[in-house]
Amino acid sequence: MGKRIIFTVTNDLRYDQRMLRICTTLSAEGYEVALIGRQLTSSIPLQPQPYQQIRIKYLLFTTGKLFYLEYNLRLLFFLLFQSFDAICSIDLDTSIPGILISKIKGKPHLFDAHELFTHTPEVARRKFIQKIWESVQKFTFKHTNAAFTVGPAIAQYFEEKYNKPVAVVRNMPIKSGATNPNNPLSPAWQSKIDALQGQRFILYQGALNEARGLESMIHAMTEITAILVIAGEGDLSQTLRNLTQSLNLEHKVIFLGMVTPNELPQLTKQAYIGYNVSQNAGLSYYLSLNNKFFDYTKAHLPSLINPFPEYLALMKEFKVGLATEPDIEDIVNQAKQLFTNQLLYDEIKSNCKLASEKWTWENETPTLINIFQQTYQHNFH
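Note that the coordinates shown come from a computational prediction; the quantities given were computed from them, not determined experimentally.

## Description of the overall build of the protein chain
A tally of helices and strands in the protein chain yields 16 helices and 13 strands. If one aligns the C-alpha atoms of the protein chain with their principal axes, the spans along those axes are about 60 × 40 × 40 Å. A burial count over the protein chain gives 56% of its 381 residues as buried. Contacts spanning at least 24 positions in sequence make up 69% of the contacts within the protein chain whose residues lie at least 6 apart. Carbon and sulfur atoms provide 53% of the accessible area of the protein chain, an area that totals close to 16,900 Å². Each charge sign in the protein chain was given a centre, from 37 positive and 34 negative side chains, and these centres are 5 Å apart.

Structure representation (structure tokens):
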């Protein structure tokens, strides 16, 4: 039996592509992996995976301060009675119980930052709350044995702030295809796509949260002759549906709800343009490097892309889309370019094919595996 690693998150495990890839990879390396999250009333059954999946159930609170307090206390006591060789906390909202229990049991702790949590819009605008999370962040980096994150810019931020090395494991898709080939071929959303009768559509996949540029994109659809398909849910789910209704765009903006990671590749390859244009709402977004950028590229899907440093650097290597400002006019102009300029579209699509051969999870896994090997060697030899 290999060494047992426990990963902790606050989501319900079903839609987290990064954790699916990380846990599957380490399981294949011989580690015994457990992923702990929470169960919501809306949670759908988990699919079998080559690692253990555990949901903390019957939470009294689902949002806000009381949720974090309850979840961390529940997680603390759960971990206290678990056997493990290392804990890896995902983001700051699970790091304190992971560190405390690791210290109690004399085991290493690792930290994976999926974003710059202290500078997300929801946190940064509330200065008192931000200070609390900055204290948690400082505590985390002081007491963790190894840290890694999703992109070079966030890694550099942490290294400069805490004088501690931070590795980079980017959110790239698996080259070989969908993570679960046994997934049903006709998901529930397919009927909505079929109803478009072959019309070209723009795809947004991801959380429907603040500063994702979704309001501007919906407004832009009044001037774009195409369909917008939105795959995901979030804090703005109802607000965006209300906006669509107020603009009389129900026939042009299609909400699919949540789509699982294993279904997303099937959806993405049917789109004509991908949408990935966030507002510069703080350092977390400005330094980001998200799943959808690489998912669109893997599907050979030209996209509208954040004009942020990480994306611009990668597009110097392969121009896989058009850098687009998150305002209605630029979204309209850039989208129309891709719809009307076939030479440009074909050139970008060809670049996506080239990039998809290089920007793969398989090229990230040596770094991931080395992080855990080095952590164990340093702590047990």
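## A word on a nonpolar patch on the surface
Among the surface-exposed residues, Leu60, Phe61, Leu66, Leu69, Leu73, Phe77, Leu80, Phe81 and Ile104 lie close enough to one another that they form a single nonpolar patch of about 960 Å² accessible area. In terms of residue count, helix 2 (residues 64-80) provides more of the nonpolar patch than any other element does, five residues in total. Topologically, Leu60 is positioned in the loop between strand 3 (52-56) and helix 2. Here Leu60 falls in the exposed class, since its relative accessible area comes to 71%.

## Details of a negative patch on the surface
Where like charges cluster on the molecular surface, the negative patch consists of Glu223, Glu325, Asp327 and Glu329. With respect to the helices and strands, the residue Glu329 is situated in helix 14 (residues 328-340). On the basis of relative accessible area, Glu329 is assigned to the exposed category, the value being 60%.

## A word on the environment of Ser284
Mapped onto the fold, Ser284 is located in helix 11 (residues 283-286). Here Ser284 falls in the buried class, since its relative accessible area comes to 4%. Along the backbone, Ser284 and Ile154 are 130 residues apart, and their C-alpha atoms lie at a distance of 8.0 Å. Residues in contact with Ser284, not counting those within four places in the same chain, are Glu115, Leu116, His119 and Thr120. There is a polar contact of 3.3 Å between the side chain of Ser284 and the backbone oxygen of Leu116.

## Some points on a positive patch on the surface
On the surface, a cluster of positive charge is made up of Lys103, Lys138, Lys142 and Lys161. As for its position among the elements, Lys161 is in helix 6 (residues 152-162). On the accessibility criterion, Lys161 (43% relative accessible area) is partly exposed.

## So, the sheet that holds strand 7 (residues 167-168)
Strand order in the open sheet formed by seven strands is 3-2-1-4-5-6-7, with parallel pairing between adjacent strands. Either end of the sheet is taken by a strand with one partner, and the two such strands are strand 3 and strand 7. Pairing analysis gives two bridges linking strand 6 (residues 146-149) to strand 7, with the strands arranged parallel. Within strand 7, the residue paired with Phe148 across the bridge is Ala167.

## Section: the packing of aromatic side chains
Counted under the stated rule, the structure contains 21 aromatic pairs. Measuring from centroid to centroid gives 5.9 Å for Phe7 and Phe372, while their planes differ by 55°, and the two rings are tilted. Here Phe7, found in strand 1 (residues 4-8), pairs with Phe372, found in helix 16 (residues 365-380); they are 365 residues apart in sequence, far enough to count as distant. By relative accessible area, which is 0% here, Phe7 ends up buried. Ring geometry for Phe141 against Tyr162: centres 4.8 Å apart, planes inclined by 5°, an arrangement best described as stacked.

Rules of the game
- Residues numbered from 1 in each chain as written.
- Predicted model: local features only at pLDDT ≥ 70, side-chain atom pairs only at ≥ 80, totals over all residues.
- Heavy atoms only, no water.
- Helix = DSSP H or I, 4+ residues; strand = E, 2+ residues; numbered from the N terminus.
- Buried < 20%, exposed > 50% of the residue type's maximum accessible area, 1.4 Å probe, protein only.
- Contact = heavy atoms within 4.5 Å.
- Areas by Shrake-Rupley, 256 points an atom, 1.4 Å probe, with all protein chains shown as cover.
- Lys, Arg positive; Asp, Glu negative; His and termini not counted.
- Charge placed at Lys NZ, Arg CZ, Asp CG, Glu CD.
- Patch = residues over 30% accessible without salt bridge, like charges linked within 9 Å, V, L, I, M, F, W, Y side chains within 5 Å.
- Salt bridge = Lys/Arg side-chain N within 4 Å of Asp/Glu carboxyl O.
- Polar contact = N/O pair within 3.5 Å; in protein donor to acceptor, adjacent residues only side chain to side chain.
- Pairing = 2+ DSSP bridges.
- Phe/Tyr/Trp six-rings, centres within 6.5 Å; stacked < 30°, edge-to-face > 60°.

That is the geometry; function is a separate question.
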